[in-house]
Amino acid sequence: MLTEIKGLNEECGVFAIWGHEKAAEMTYYGLHAMQHRGQEGAGIVTSDRETLHLHKGNGLINEVFQEGQFTRLKGSAALGHVRYATQGGGGYENVQPLLFRSQKNSMALAHNGNLVNAQALKNQLEAQGSILQTTSDTEVIAHLIKRSGNVQMEESIKQALGMIKGAYAFSILTEDKLFVALDPRGLRPLSIGRLGEAYVVASETCAFDLIGATYIREVKPGELITIDDTGLHSTSFASPMQRTLCSMEYVYFSRPDSNLDGQNVHASRKTMGKQLAKESPVEADVVTGVPDSSISAAIGFSEASSIPYELGLIKNRYVGRTFIQPSQELREQGVKMKLSAVRGIVEGKRVVMVDDSIVRGTTSRRIVGLLKEAGATEVHVRIASPPIENPCYYGIDTSTKGELIASNYSIDEICELIGADSLSYLTTEGLEKSIVSDTNSMDHGICQACFTGNYPTEIYPDTIIPAYKD
Ligand code: SF4
């Protein structure tokens, strides 16, 4: 995936395990499988039933953890997190899990998503005397739990959940329990599995496959799960609402081998490609996909159009990460370093270039250029999602409205700007049909707010924090 140069960034991946003698190591592998969800910080907290042990740091999971650290991470329960720094900002203190020690009931929190009323809650907490040490939403949840004053932790968590709004999938580890909760609309993915007698929880099911765990089910929207030595206990903290799982998880973020809400990501992407071919056919000689996240959609396009799929673009492995290069010129150089057009495949051909999305347009322009430089006579760009016109307030960094090319230009203008011979996007109806088999179902539905502007939750005025203002 060209995550860092495309301008679309997932914020986090959460992994937790209860009841395994190698809890920290399993969590390390689980996080490793979800490294694509966040590359700027990683952490693991374990519980040995008396104390919580933490190790975290900035960087990739294998940079943060070395072998020796696992002897200190004692215990049969663990909670881990990988993060991409957006709203919470960078810095060691914001790397999760956040650990809050107290004489009894210490707790560690890890969270994926974004609270739309975080600023209002922070103002309220500070006015009541709380001192916040990080800029992360996760700390707000911790303060709300601690302040509720209930003897039963589960009741404190429920009370806190009643106050927060937005998208969240989070886990809390105490000395003797693991809690897992998903927001009432299920905007973010979260699944439960089993590894022998142990319970595992992960943002993506690819983490289960890596450690040999078996998928059991999704965490339900509005559900609070408690796992301890007596087993798994489920309760609801909110009335059921229409599920609006982030459609960009299917389009771009999640790994193709993951299943979200029971639906395989690769299969969904293939269906998007097929639907796109039906909606926007074009005469061409070859279909190619932008590696890695668009390959599945390109295969689907090829199957439905009967135009052969070819490896017209290849990704150069082992190039440095490019997100630290801020200027436009360097970003473009980043694309050049990462991708090559295969001259022997595209020379003299009319090429359909399937990509999953266009954010700023920089990447698309560069890739169209690469194909033409390699001799393609025509490049027809087909995008397997609708135009991204609105920012996301639910934990995905989609850039500001001003930076989103589809928010400022018509499709014809974008086609010209990226140098393509034609450009079409998948419709919102086509996207929904490709992901959700029963579109009347309350339990299965998707968020498409960055395409439509119809946000499934209330958006508070101070949700539009400076980073998101035009
Ligand atoms: S606004 Fe877009 S990126 Fe954000 S949760 Fe909804 S579909 Fe996903």
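Up top is the structure these notes are about.
Residues numbered from 1 in each chain as written. Predicted model: local features only at pLDDT ≥ 70, side-chain atom pairs only at ≥ 80, totals over all residues. Heavy atoms only, no water.

1. With respect to the pairing of strand E8 (residues 166–174)
Side chains on a regular strand alternate between the two faces of the sheet.
Then, in step 1: The element E8 is largely enclosed, with a buried count of nine among its nine residues.
Then, in step 2: Alignment of strand E7 (residues 107–115) against E8, held across nine bridges, turns out to be antiparallel. Each residue of the ladder has a partner; that of Asn114, found in E8, is Ala167.
Then, in step 3: Relative to strand E9 (residues 178–182), E8 runs antiparallel, the two being bridged by five bridges. (Buried < 20%, exposed > 50% of the residue type's maximum accessible area, 1.4 Å probe, protein only. Helix = DSSP H or I, 4+ residues; strand = E, 2+ residues; numbered from the N terminus. Pairing = 2+ DSSP bridges.)

2. Looking at the sheet that holds strand E3 (residues 41–47)
Then, in step 1: Strand order in the open sheet formed by seven strands is E4-E3-E5-E2-E11-E10-E12, with antiparallel pairing between adjacent strands. Sheet topology places strand E4 (52–58) and strand E12 (214–218) at the edges, where each strand pairs with a single neighbour. Put simply, the sheet's adjacent strands are angled 15 degrees from each other on average, direction ignored.
Then, in step 2: Note: strand E10 (residues 191–195) against E12, four bridges, orientation antiparallel. Directly across from Arg194, in E12, lies its bridge partner Thr214. (Axes fitted to C-alpha atoms, helices over the stretch in contact; angles between N-to-C directions.)

3. Structural notes on the site of the ligand
Then, in step 1: All residues in the neighbourhood of the ligand are listed as Cys246, Ser247, Met248, Cys392, Tyr394, Ile396, Cys447, Ala449 and Cys450.
Then, in step 2: Comparing atom positions with the cavity grids shows the ligand to sit within the largest cavity.
Then, in step 3: Secondary-structure elements contributing two or more residues to the shell around the ligand are helix H9 (247–253) and helix H18 (449–452).
Then, in step 4: Grouping the constituent residues of the shell around the ligand by class yields eight nonpolar, one polar and no charged. (Near = heavy atom within 4 Å. 1 Å grid on protein atoms, 1.4 Å probe; cavity = no way out; pocket = protein on both sides within 12 Å on 5 of 7 lines; lining within 4 Å. Sits in = over half its atoms within 2 Å of the grid points. Nonpolar A, V, L, I, M, F, W, Y, C, P; charged D, E, K, R; others polar.)

4. Details of the side chain of Ser254
Then, in step 1: Here Ser254 shows up in the loop between H9 and strand E16 (259–260).
Then, in step 2: Among the polar contacts made by the side chain of Ser254, one reaches the side chain of Glu249 at a distance of 2.7 Å. (Polar contact = N/O pair within 3.5 Å; in protein donor to acceptor, adjacent residues only side chain to side chain.)

5. Examining helix H2 (residues 23–33)
Then, in step 1: Across the eleven residues of H2, eight count as buried, placing the element largely inside the fold.
Then, in step 2: Listed in full, the buried residues belonging to H2 are Ala23, Ala24, Met26, Thr27, Tyr28, Gly30, Leu31 and Ala33.

6. Digging into the pattern of salt bridges
Then, in step 1: Per the stated rule, a full pass over the model turns up 18 salt bridges.
Then, in step 2: A salt bridge links Glu204 to Arg37; its shortest N-O distance comes to 2.6 Å. Of the two residues, Glu204 sits in the loop between strand E11 (198–202) and helix H8 (206–211) while Arg37 sits in the loop between H2 and E3, which places them 167 residues apart along the sequence. In this pair, the class of Glu204 matches that of Arg37, namely buried. (Salt bridge = Lys/Arg side-chain N within 4 Å of Asp/Glu carboxyl O.)

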